[in-house]
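Listed here are the chains, written in short residue letters.
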Amino acid sequence: MTKKLNILIVAGDGIGPEVTSEAVRVLKSVAEMGGYDFQFRHELIGGVAIDAHGTPLPQATLHAALASDAVLLGAVGHNKFNALPPGERPEAGLLQIRAALGGFANLRPSFAWPGLSSNSPLRPEVVEGADILFVRELLGGLYFGQPRQWDKQANAAWNTMRYTRDEVVRVAKVAFELAGKRRKKVTSVDKANVLEVSQLWRATVTEVAQQYPGVALEHQYVDAMAMHIMNTPRSFDVVLTENLFGDILSDEAGVITGSLGMLPSATIGGKVDLYEPVHGSAPDIAGKGIANPIGAILTAAMLLRHSAGLDQDADAIEAAVKKVLDQGYRTADLARGDKSAQVLSTTDMGSRVAAALNEIIDRRQAMHAV
Ligand code: IPM
Ligand code: MN
């Protein structure tokens with residue numbers, strides 16, 4: 001049986017196209033080695049879509065996304081749109097595609113890669129062994145809550161952090177299910193000492209926890225959590241958060257490896273799953289060929305695992321990244337505090353990972369043939 005997969009690529013803005021090309025290179029390698037049929041289609045999103053069509057999410061992109069098996073996104077955002085209201089900016093295209101695809105659980109693993117601890121501004125003994133999985137609610141809270149407005153006459157502006165019980169239940173279940181397969185601990189983050197919406201969040205998560213007696217639940221206030229992630233990153237397993245808290249804390253967790261460029265994400269639970277690295281469009285380094293493609297490559301691994309059931313190939317991609325890092329290869333963002341690092345361009349890092357991947361899959365196939 002040939003594994004067939006239709007993947008929509010929306011590379012977007014800034015470094016999006018550069019890093020996405022390397023993720024596609026790796027996916028093509030997997031397809032070739034495994035004899036799978038992966039079809040890639042490309043569409044526009046974000047600032048490049050505004051430039052071409054006057055809208056950050058053209059209909060053609062939306063239709064192609066809904067017709068695909070998985071969507072792989074690069075990044076959106078460009079400084080030249082900074083004066084526009086939120087609804088017209090490149091970021092609106094991302095929020096619209098998230099809403100249309102319907103995935104509500106955004107999985108953001110943050111892992112202390114062995115050998116990268118010298119790149120973290122934290123002490124090695126603090127970060128080594130850290131392995132956090134953020135489960136960020138992606139379709140509610142301040143990002144989507146109504147009312148929202150900037151009332152110029154009143155010189156006032158407001159957004160609404162709104163959650164329904166059902167929205168909390170569904171994302172909490174994802175967190176507990178995943179924790180059950182990991183170290184069996186969920187840390188739920190809120191601001192229940194101040195916000196009603198957080199009180200609903202906490203009460204609901206506590207209720208859902210009763211269905212998962214094998215998983216421990218702790219609650220943390222978001223301000224305290226921001227400190228705990230820096231102080232004791234190893235003490236967390238699955239971290240369950242609402243939308244904005246998860247946005248902020250998952251960037252903070254980039255400090256564990258010292259670079260946002262290492263972080264992948266998968267958004268599941270909707271009609272079509274959406275895969276995007278956590279880093280943004282990074283306009284300051286776009287086009288220079290120095291961006292780290294590993295976040296995008298690890299995102300491709302998550303795609304294979306969650307949307308195609310190709311766990312072995314996903315494992316092989318992660319093993320290939322580890323191998324290349326073990327050999328001392330780095331992109332510029334990973335070379336801090338490591339004088340022996342061999343700094344590679346975006347494309348050279350991508351080809352190193354693809355080469356290591358081919359070797360790993362070759363060896364696996366040879367073992368099966370025996
Ligand atoms: C992220 C990004 C997006 C978000 C922006 C670009 C809309 O920061 O994926 O973390 O806030 O969700
Ligand atoms: Mn973010």
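For the structure, see preceding data.
Let us look at the structure shown here. (Residues numbered from 1 in each chain as written. Chains lettered and ligands numbered in written order. Predicted model: local features only at pLDDT ≥ 70, side-chain atom pairs only at ≥ 80, totals over all residues. Heavy atoms only, no water.)

### Considering the overall build of the chain
If you tally the helices and strands in the chain, you get 12 helices and 14 strands. Against the globule reference of 21 Å for 370 residues, the chain gives a C-alpha radius of gyration of 20 Å, in line with a compact fold. Based on the C-alpha atoms only, the size of the chain along its principal axes is roughly 65 × 50 × 45 Å. If you take every contact in the chain between residues at least 6 apart in sequence, the share linking residues at least 24 apart comes to 76%. When the accessible surface of the chain is split by element, carbon and sulfur atoms take 54% of a total near 15,700 Å². Taking the average place of the 36 positive charges on the side chains of the chain and the average place of its 41 negative ones, the gap between the two points comes to 2 Å. (Helix = DSSP H or I, 4+ residues; strand = E, 2+ residues; numbered from the N terminus. Rg over C-alpha atoms; globule rule 2.2 N^0.38 Å. Contact = heavy atoms within 4.5 Å. Areas by Shrake-Rupley, 256 points an atom, 1.4 Å probe, with all protein chains shown as cover. Lys, Arg positive; Asp, Glu negative; His and termini not counted. Charge placed at Lys NZ, Arg CZ, Asp CG, Glu CD.)

### Here we look at the site of ligand 1
Close to ligand 1 lie Glu 91, Leu 94, Arg 98, Arg 108, Arg 136, Tyr 143 and Asp 247, which account for all nearby residues. A distance of 2.9 Å separates an oxygen atom of ligand 1 from a polar side-chain atom of Asp 247. Relative to its unbound accessible surface of 320 Å², ligand 1 loses 79% to contact with the protein. Top element by residues in the shell around ligand 1 is helix H4 (residues 90-101). It accounts for three residues. A breakdown of the residues in the shell around ligand 1 according to their chemical character gives two nonpolar, no polar and five charged. (Near = heavy atom within 4 Å. Polar contact = N/O pair within 3.5 Å; in protein donor to acceptor, adjacent residues only side chain to side chain. Nonpolar A, V, L, I, M, F, W, Y, C, P; charged D, E, K, R; others polar.)

### What to know about the nonpolar core
Residues Phe 38, Leu 107, Val 135, Phe 176, Leu 240 and Leu 304 are the most contacted members of the largest nonpolar core, which totals 92 residues. Among the elements that line this core, the one with the most residues is helix H10 (residues 294-308), at 10 residues. Formed by 15 residues, the second largest nonpolar core is a distinct cluster that contains Val 10, Val 71, Leu 94 and Leu 274. (Core = buried A, V, L, I, M, F, W, Y, C linked by side-chain atoms within 4.5 Å. Buried < 20%, exposed > 50% of the residue type's maximum accessible area, 1.4 Å probe, protein only.)

### Structural notes on the packing of aromatic side chains
Each aromatic ring pair is characterised by the separation of its centres together with the angle its planes make. Following the criterion strictly, the structure yields four aromatic pairs and no others. With centroids separated by 5.2 Å and ring planes inclined at 90°, the aromatic side chains of Phe 111 and Trp 113 adopt a geometry described as edge-to-face. Given a relative accessible area of 11%, Trp 113 falls into the buried group. Here Lys 152 stacks its cationic end above the ring of Trp 150, 4.0 Å away from the centre of that ring. (Phe/Tyr/Trp six-rings, centres within 6.5 Å; stacked < 30°, edge-to-face > 60°. Lys NZ or Arg CZ within 6 Å of the ring centre and 35° of its normal.)

### What about the pairing of strand S9 (residues 216-221)?
In regular strands, side chains alternate between the two faces of the sheet. Pairing of strand S8 (residues 185-190) with S9, which is carried by six bridges, proceeds in the parallel orientation. The residue bridging Thr 187 from the neighbouring strand is Glu 218, located in S9. One crossover worth recording links S8 to the parallel S9 by way of helix H7 (residues 196-209), and it is right-handed. (Pairing = 2+ DSSP bridges. Right-handed = clockwise from strand over helix to strand, strands pointing away.)

### A few points about the pattern of salt bridges
It is possible for side chains of opposite charge to pair when their charged atoms get near one another. Overall, the coordinates contain 20 salt bridges when judged by the stated rule. The shortest N-O distance in the salt bridge between Arg 98 and Glu 276 comes to 3.1 Å. In this pair, Arg 98 sits in helix H4 while Glu 276 sits in the loop between strand S12 (273-275) and H10, placing the two residues 178 residues apart along the sequence. Judged by its relative accessible area of 4%, Glu 276 falls in the buried class. Between Arg 183 and Asp 131 there is a salt bridge whose closest N-O contact spans 3.7 Å. Taken together, the positions of Arg 183 in the loop between helix H6 (165-180) and S8 and Asp 131 in strand S5 (residues 131-137) put the pair 52 residues apart, joining distant regions of the chain. When its relative accessible area of 21% is taken as the criterion, Asp 131 is described as partly exposed. (Salt bridge = Lys/Arg side-chain N within 4 Å of Asp/Glu carboxyl O.)

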